[in-house]
Amino acid sequence: MIVHADARLLAEAVAARLIVRVLDAQAERGSADVVLTGGRVAAAVYRAVLANPARDAVDWSRVDLWWGDERFLPAGDPDRNDTQAREALLDALPLDPARVHPMPPSDGPDGADPELAAARYAAELARSAPGSGELPHFDVLLLGVGEDGHVASVFPEHPVAYETRPVSAVRGSPKPPPVRTTLTLPAINTADEVWLIAAGPDKAGAVGMALTGAGPVQLPAAGVHGTSRTVWLLDRAAAAQVPLSSRALR
Ligand SMILES: O=C(O)[C@H](O)[C@@H](O)[C@H](O)[C@H](O)COP(=O)(O)O
């Protein structure tokens, strides 16, 4: 767990770390697969990547971008996670459009059926999977953390927290909008590195519980981990309820 003094420094440091992670993945594998998230902290990270001159060291045409979850709204809706990422960063990068993989919108080929949209995204993921696998090799998967301990659109005590397919529709989300699509906990947990990013005092309770033994259905943030690394990236306010003993171990 890494604690920064405030939310601005957190965003800057995560942006720098993300640029280096993409460079390392490209050096190892020739390309990089990054899973993006939504929310305010993520948007601040995306803006900080844009402002960081080291971003030009990355060959952005060899980066695949995926999303951990999406608000099931029409394409271009300002509340969609992909719209926010495009505005904050992606529109300014020389990406290969074929490697940008947003979750389907509610006015897409399947219309307003989130189950079909989830199945379509699962098929797109499988097309990029090695061998007969279901998912690409995710080098790094970013997650914001909700005040209630949700990650992506996996909400506490919601049926989606038990889902075993890689992608799920979500109905009745406690956070608006009510209909979403999301990677599930088992899919998230295939990533090489999972980074949980949280800022502000409203997150302190969820972060403290996640790091001190909460269960994954009660608190989905407690149920995610990377196959190589799980990194909690926090500002001081979000880390305030993590006991010192747990900090040293993470
Ligand atoms: O679709 C969403 O609503 C987001 O993906 C959500 O999961 C977000 O990441 C967290 O709620 C943290 O958001 P903040 O950083 O804005 O608190």
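Just so you know, these numbers come straight off a predicted model, no measurement behind them. (Residues numbered from 1 in each chain as written. Predicted model: local features only at pLDDT ≥ 70, side-chain atom pairs only at ≥ 80, totals over all residues. Heavy atoms only, no water.)

Participant: I keep staring at helix H2 (residues 40–51) and nothing clicks. Help me out?
Facilitator: Side chains three or four residues apart in an α-helix point the same way, a direct result of the helix having 3.6 residues per turn. The end-to-end C-alpha separation of H2 is 17 Å, in line with the 16 Å expected for 12 residues at 1.5 Å each. Looking at the buried side of H2, the elements it contacts are helix H1 (7–29), strand E2 (32–36), helix H3 (81–88), strand E5 (140–144) and strand E8 (193–198). (Helix = DSSP H or I, 4+ residues; strand = E, 2+ residues; numbered from the N terminus. Expected span 1.5 Å × (residues − 1). Contact = heavy atoms within 4.5 Å.)

Participant: Whenever I open this one, the environment of proline 174 confuses me. Can you help?
Facilitator: Within the secondary structure, proline 174 sits in the loop between strand E6 (167–170) and strand E7 (180–183). A C-alpha to C-alpha distance of 7.7 Å links proline 174 and phenylalanine 155, two positions 19 residues apart in sequence. Those residues within four positions of proline 174 in sequence are excluded, and the remaining contacts are Asp148 and Phe155.

Participant: For this particular structure, what's the right way to read the site of the ligand?
Facilitator: Close to the ligand lie 16 residues; Gly38, Arg40, Arg71, Lys175 and Lys203 are nearest. The contact in question runs from an oxygen atom of the ligand to an N or O atom on the backbone of arginine 40, over 2.6 Å. About the coverage of the ligand: the protein hides 97% of its 420 Å² of free accessible area. Every element with two or more residues in the shell around the ligand is listed here: H2 and strand E4 (69–71). Partitioned by chemical class, the residues of the shell around the ligand number 3 nonpolar, 7 polar and 6 charged. (Near = heavy atom within 4 Å. Polar contact = N/O pair within 3.5 Å; in protein donor to acceptor, adjacent residues only side chain to side chain. Areas by Shrake-Rupley, 256 points an atom, 1.4 Å probe, with all protein chains shown as cover. Nonpolar A, V, L, I, M, F, W, Y, C, P; charged D, E, K, R; others polar.)

Participant: Mind showing me how you'd approach the UniProt feature "domain: Glucosamine/galactosamine-6-phosphate isomerase" (unreviewed entry) in the protein here?
Facilitator: The UniProt record annotates "domain: Glucosamine/galactosamine-6-phosphate isomerase" (unreviewed entry) at residues 6–232. Helix makes up 30% of residues 6–232 and strand 16%, and the two end C-alpha atoms of the span are 14 Å apart. (UniProt positions renumbered as here; feature names shortened; annotations may be inferred.)

Participant: How do you make sense of the nonpolar core when you look at a structure like this?
Facilitator: Counting residues in each nonpolar core, the largest one holds 78 residues, and the members touching the most others are Leu183 and Trp232. When residues of this core are assigned to their parent elements, the largest contribution, 8 residues, is made by H1. Among residues more than four places away in sequence, those in contact with tryptophan 232 are Met1, Ile2, Val145, Leu196, Val207, Ala210, Leu211 and Ala221. (Core = buried A, V, L, I, M, F, W, Y, C linked by side-chain atoms within 4.5 Å. Buried < 20%, exposed > 50% of the residue type's maximum accessible area, 1.4 Å probe, protein only.)

Participant: So what exactly am I meant to see when it comes to the packing of H1 against H2 here?
Facilitator: How two helices pack is summed up by the angle between their axes together with the distance between the axes. Axis separation between H1 and H2 bottoms out at 8 Å; the angle between their running directions is 65 degrees. Seen along the crossing, H1 lies across H2 with a hand that is right-handed. Here Ala11, Glu12, Val14, Ala15, Leu18 and Ile19 of H1 come into contact with H2, specifically with Ala44, Val45, Ala48 and Val49. Here the contact of H1 with H2 is built from residues that sort into 9 nonpolar, no polar and 1 charged. (Axes fitted to C-alpha atoms, helices over the stretch in contact; angles between N-to-C directions. Left-handed = near helix turned anticlockwise from the far one by under 90°.)

Participant: Would you explain the confidence of the model for the protein in this entry?
Facilitator: Close reading of the predicted structure is inappropriate where its pLDDT is low. Looking at the protein, pLDDT values average 96 and 99% of them are 70 or higher. As a predicted assembly, this complex carries a pTM of 0.97 together with an ipTM value of 0.94. (pLDDT = per-residue confidence, 0-100.)

Participant: Help me understand the pattern of salt bridges, please; the structure alone is not making it clear to me.
Facilitator: Oppositely charged side chains can form a pair if their charged atoms are brought close together. For the coordinates displayed, the defined rule picks out 16 salt bridges. Residue arginine 8 is joined to glutamate 12 by a salt bridge in which the shortest nitrogen-to-oxygen separation is 3.8 Å. One end of the pair, arginine 8, and the other, glutamate 12, are both in helix H1, 4 residues apart, so they sit about a helical turn from each other. Here arginine 171 makes a salt bridge to glutamate 115, at a shortest N to O gap of 2.7 Å. In this pair, arginine 171 sits in the loop between E6 and E7 while glutamate 115 sits in helix H4 (residues 114–127), placing the two residues 56 residues apart along the sequence. (Salt bridge = Lys/Arg side-chain N within 4 Å of Asp/Glu carboxyl O.)

Participant: Please clarify how the pairing of strand E9 (residues 229–235) should be interpreted in this entry.
Facilitator: For a regular strand, side chains alternate in direction, first toward one face of the sheet and then toward the other. When you tally the buried positions in E9, you get 5 out of 7 residues, the bulk of the element. Note that strand E1 (residues 2–4) and E9 share 3 bridges and pair parallel. Within E9, the residue paired with valine 3 across the bridge is leucine 234. With 6 bridges joining them, E8 and E9 adopt parallel strand pairing. Looking across to E9, one finds that valine 194 is bridged to threonine 230. Crossover handedness for the path E8 to helix H6 (residues 204–210) to E9: right-handed. (Pairing = 2+ DSSP bridges. Right-handed = clockwise from strand over helix to strand, strands pointing away.)

Participant: I'm lost on the sheet that holds E2 in this one. Help?
Facilitator: Pairing between the strands of a sheet comes from backbone hydrogen bonds, and it takes one of two forms, parallel or antiparallel. The sheet built from 6 strands is open, its strands ordered E1-E9-E8-E5-E2-E3 with parallel pairing. Looking along the sheet, the strands with just one partner apiece sit at the ends: E1 and strand E3 (63–67). With strand direction ignored, the average angle separating the axes of adjacent strands in the sheet is 20 degrees. Two elements, E2 and E5, share 2 bridges in a ladder whose sense is parallel. In the strand pairing of E5, valine 34 is matched with valine 140. Lying over the sheet, H1 contacts E1, E2, E3, E5, E8 and E9, oriented at roughly 170 degrees with respect to E8.

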